[in-house]
Amino acid sequence: MGCAPSIHVSQSGVVYCRGSDECSSPRQGSGASQGPGGPPRGLLVPADAAPRGHAPGPPGAARVRRARAELGSGSSAGSAAPCGATCRGRRRHCCASAEAETQTSYTSVKQVSSAEVRIGPMRLTQDPIQVLLIFAKEDSQSDGFWWACDRAGYRCNIARTPESALECFLDKHHEIIVIDHRQSRAFDAEAVCRSIRATNPSEHTVILAVVSQVSDDHEEASVLPLLHAGFNRRFMENNSIIACYNELIQIEHGEVRSQFKLRACNSVFTALDHCHEAIEITSDDHVIQIHKIHRDSGENSQTESHSIRYKSRRKESIDVKSISSRGSDAPSLQNRRYPSMARIHSMTIEAPITKVINIINAAQENSPVTVAEALDRVLEILRTTELYSPQLGTKDEDPHTSDLVGGLMTDGLRRLSGNEYVFTKNVHQSHSHLTMPVTINDVPPSIAQLLDNEESWDFNIFELEAVTHKRPLVYLGLKVFSRFGVCEFLNCSEATLRAWLQVIEANYHSSNAYHNSTHAADVLHATAFFLGKERVKGSLDQLDEVAALIAATVHDVDHPGRTNSFLCNAGSELAVLYNDTAVLESHHTALAFQLTVKDAKCNIFKNIDRNHYRTLRQAIIDMVLATEMTKHFEHVNKFVNSINKPMAAEIEGSNCECTPPGKNFPENQILIKRMMIKCADVANPCRPLDLCIEWAGRISEEYFAQTDEEKRQGLPVVMPVFDRNTCSIPKSQISFIDYFITDMFDAWDAFAHLPGLMQHLADNYKHWKTLDDLKCKSLRLPSES
């Protein structure tokens, strides 16, 4: 019989023959050619086939002869099929419809070696291409693609129905699919394409539509409907095997090769994600694109990315190295524990918000239309940069709310040339000419008597301002810092602390109606009060307490009495220096450290070690920057989600309020410190009514002065409602409490337990509401004044 075949029966009931190794080519001549009494080698025949003399034959003889001629075969034109060639048989038991399934012969595939693909320094092996032909019936076009696959060495399958096509694709994951788009009566080609595209494996599959030739009197149709259905390419009907062959080869070396490289890169990055070693990937010019470091800390393993220049890189398009393997270059790296880094996925640095968006995108695929539309809205919200800023809703109709939001939560988007705001005082005052204050033990009796009550929330800071001649910060600071053991922690003398407090207070502007050293002393007092609350005390370390007290003291040093928006619009030197971002808050911290370290007499940090200093400095900076209002809602929402909600769940489960949620969790401690100084900074509405009214008058006067100056200089008026001739102070206070204060203090009260403050807030809100109802625009009723 020549090439003795081996028989395999598939689950679908199809019997196909594989030629033996004696047959090396489907076009190889054989002296013992297959006789008419048996099926040709490689022929697919049904399991219930007729006797050997009646086995179905290959494609029509004319088409076979033409195929051989195009392929340059030396086989006889009269033979049924060459040894090892694959022909189509009829499969009778598939969804009650005739279907043909073909596969190139085992020996013909063996002839084609796996292709080697290079990606930079990587050499990858690509298996022979698999092609799926979806044709309702056999014709010259399907034969053309089938013989083209045979010539190219591709593995080929043919499906006759959409169901069998989908089943075959899910089983074999073909790289190329050819769908007959010429016949609409057998099946809807676009529907077949969409059903395949709905599966995950189709992501890396190229789908080709075979369309009918266009007559000269008809305009050629657009390819957009095909692209929208999921097709990648269009093939104009042409049954020439060479035309089909060229089309397939172009697809292989174009889209298929690109998809193969993309899958390989995904695999590399998946491997990197699970790697327990440090990995660096650099670009051509030795810039590290990805720097993956593994840290073993219990159950957690994290990664991160940097973009830095590393001079000792060898020149490669992509340089992937395992740091721990470079023993001769850096032996100490093998035992290093690396910091947390962001995970690497699909050649991008995937942030947590990206993961959330990807999860929602995946959920949309199988969701009802209404759910998918709702998820679209969710994605739209998540992709905005203002995730934590609430929508004003109906409040945007209130000019007081709009102006407060615009003035406090923006850094000013407009800049007018030639209108630069210049400070009217020297911000770097020297303290050498100032008389050193007396020690805390030698404080005048009137001041000492007031300070005896400094631990009470109802402490009257304005009385201290009066008896100290507008120098309350030095005296209150000495008392509070002594109570918390700040000098002992910093290992500095009381004289150094006194000098430091004096220098800081001297750099507050006493001419400001609101942002002066009295405000700093008020914030320091509130911070100290909060630090005394049981849950706050249990959540923070002494370093946190010291940092909070220092941050409260310096948080508005050298404040010019104007908002960030004003400075940005005026083109001030500070706005230019800090790129219109957190201008004042950045200046307060920078100046505070400059004033502290420039003279040993007032350097309270000179005796602590470098590590403690850096930790303390970072904590102080972080808290002062938290007072910047553009991130107000971000800080409040993070506190609620990370502190309030877990604490409520824990208390509900254990019926115990003794466990502070932030202890030993640095991230939570940071949120607590930020929330604490934010609340201390704007605690005026929670003070006793007389103090609240005084503070409201002072901040209003400062805003009035800013509006006056904006009008004089021709600058944009940031808060038009703060016109001294028309402003309603009660309305402005109501808007401020509604928009900024209520939610924040509800959250802070839930953590720190501050019933007295919340009662003051309710009483004060009622006061402003009463005035507003009576159409009174001043601080008090005329009769009370």
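Residues numbered from 1 in each chain as written. Predicted model: local features only at pLDDT ≥ 70, side-chain atom pairs only at ≥ 80, totals over all residues. Heavy atoms only, no water.

Enquirer: Hey, could you go over the overall build of the chain for me, with residue numbers and the actual values?
Expert: The helix and strand inventory of the chain stands at 27 helices and 15 strands. Out of the 785 residues belonging to the chain, those deemed buried represent 49%. Taking all contacts inside the chain whose residues are at least 6 apart in sequence as the whole, residues at least 24 apart take part in 72%. When the accessible area of the chain is evaluated, it comes to approximately 37500 Å², of which 51% is carbon and sulfur surface. (Helix = DSSP H or I, 4+ residues; strand = E, 2+ residues; numbered from the N terminus. Buried < 20%, exposed > 50% of the residue type's maximum accessible area, 1.4 Å probe, protein only. Contact = heavy atoms within 4.5 Å. Areas by Shrake-Rupley, 256 points an atom, 1.4 Å probe, with all protein chains shown as cover.)

Enquirer: Please provide a residue-by-residue account of the side chain of Glu 585, values included.
Expert: Position of Glu 585 among the secondary structure elements: in helix α21 (residues 583-597). The buried charged residue Glu 585 lacks any salt bridge, with Lys 678 as its nearest oppositely charged partner at 9.4 Å. Among the polar contacts made by the side chain of Glu 585, one reaches the side chain of Asn 564 at a distance of 3.1 Å. Sequence-distant contacts of Glu 585, defined by excluding residues within four places in its chain, comprise Asn 564, Val 624, Leu 625, Thr 627 and Glu 628. (Lys, Arg positive; Asp, Glu negative; His and termini not counted. Salt bridge = Lys/Arg side-chain N within 4 Å of Asp/Glu carboxyl O. Polar contact = N/O pair within 3.5 Å; in protein donor to acceptor, adjacent residues only side chain to side chain.)

Enquirer: Break down the side chain of Gln 130 for me, citing the residues and quoting the values.
Expert: In this structure, Gln 130 sits in strand β6 (residues 130-134). Engagement of the side chain of Gln 130 in a polar contact is seen with the backbone oxygen of Lys 172, the distance being 2.9 Å. Excluding anything up to four places from it in sequence, Gln 130 contacts Arg 155, Lys 172, His 173, His 174, Glu 175 and Ile 176.

Enquirer: Just give me the short version of the packing of aromatic side chains, but keep the residues and values in it.
Expert: Two aromatic rings are characterised by how far apart their centres lie and by the angle between their planes. What the rule picks out here adds up to 21 aromatic pairs. With a centroid separation of 6.2 Å and 40 degrees between ring planes, the pair formed by Phe 481 and Trp 500 is classed as tilted. Remark: Trp 500 occurs in helix α15 (residues 494-506) and Phe 481 occurs in helix α13 (residues 472-483); sequence separation between them is 19 residues. With relative accessibility at 1%, the residue Trp 500 sits in the buried group. (Phe/Tyr/Trp six-rings, centres within 6.5 Å; stacked < 30°, edge-to-face > 60°.)

Enquirer: Give a description of empty space enclosed by the protein that names residues and reports values.
Expert: Counted by the stated rule, this structure contains five cavities of 30 Å³ or more. If you add up the space inside the second largest cavity, you get close to 50 Å³. Lining the second largest cavity are Trp 500, Ile 550, Val 554, Ala 592, Phe 593, Thr 596, Phe 605 and Ile 620. Secondary structure elements with two or more residues in the lining of the second largest cavity: α18 (542-554) and α21. Sort the elements by how many residues they give to the lining of the second largest cavity and α21 lands first, with three residues. Split by residue class, the lining of the second largest cavity holds seven nonpolar, one polar and no charged. (1 Å grid on protein atoms, 1.4 Å probe; cavity = no way out; pocket = protein on both sides within 12 Å on 5 of 7 lines; lining within 4 Å. Points joined across faces, edges and corners; volume = space filled by probe spheres on them. Nonpolar A, V, L, I, M, F, W, Y, C, P; charged D, E, K, R; others polar.)

Enquirer: Break down the sheet that holds strand β9 (residues 206-211) for me, with residues and values.
Expert: The strand order across the open sheet built from five strands is β7-β6-β8-β9-β10, with neighbouring strands paired in parallel fashion. Each edge of the open sheet carries a strand with a single partner, namely β7 (155-159) and β10 (233-236). Pairwise comparison of adjacent strand axes, ignoring direction, gives a mean angle of 20 degrees for this sheet. As paired elements, strand β8 (residues 176-180) and β9 share five bridges and run parallel to each other. Paired with Ile 179 across the strands is Ala 209, a residue of β9. Strand contacts of helix α3 (residues 140-152): β6, β7, β8, β9 and β10, with the helix running at about 170 degrees to β6, the strand carrying the most contacts. (Pairing = 2+ DSSP bridges. Axes fitted to C-alpha atoms, helices over the stretch in contact; angles between N-to-C directions.)

Enquirer: How would you summarise the pairing of β8 if you had to cite specific residues and measurements?
Expert: Most of β8 sits out of view: five of its five residues are buried. Across the two faces of β8 the burial is the same, with Ile 176, Val 178 and Asp 180 and Ile 177 and Ile 179 all buried. Pairing analysis gives four bridges linking β6 to β8, with the strands arranged parallel. Among the inter-strand pairings, Leu 132 is bridged to a residue of β8, identified as Ile 177. Regarding topology, helix α5 (residues 189-197) serves as the crossover connection from β8 to the parallel β9, and that connection is right-handed. (Right-handed = clockwise from strand over helix to strand, strands pointing away.)

Enquirer: Now, about the environment of Asp 609: what can you tell me, with residues and values included?
Expert: Assignment of secondary structure puts Asp 609 in the loop between α21 and α22 (610-626). Taking the relative accessible area as the measure of exposure, Asp 609 reaches 40% and is therefore partly exposed. Sequence separation between Asp 609 and Leu 490 is 119 residues, and the spatial gap between their C-alpha atoms is 9.5 Å.

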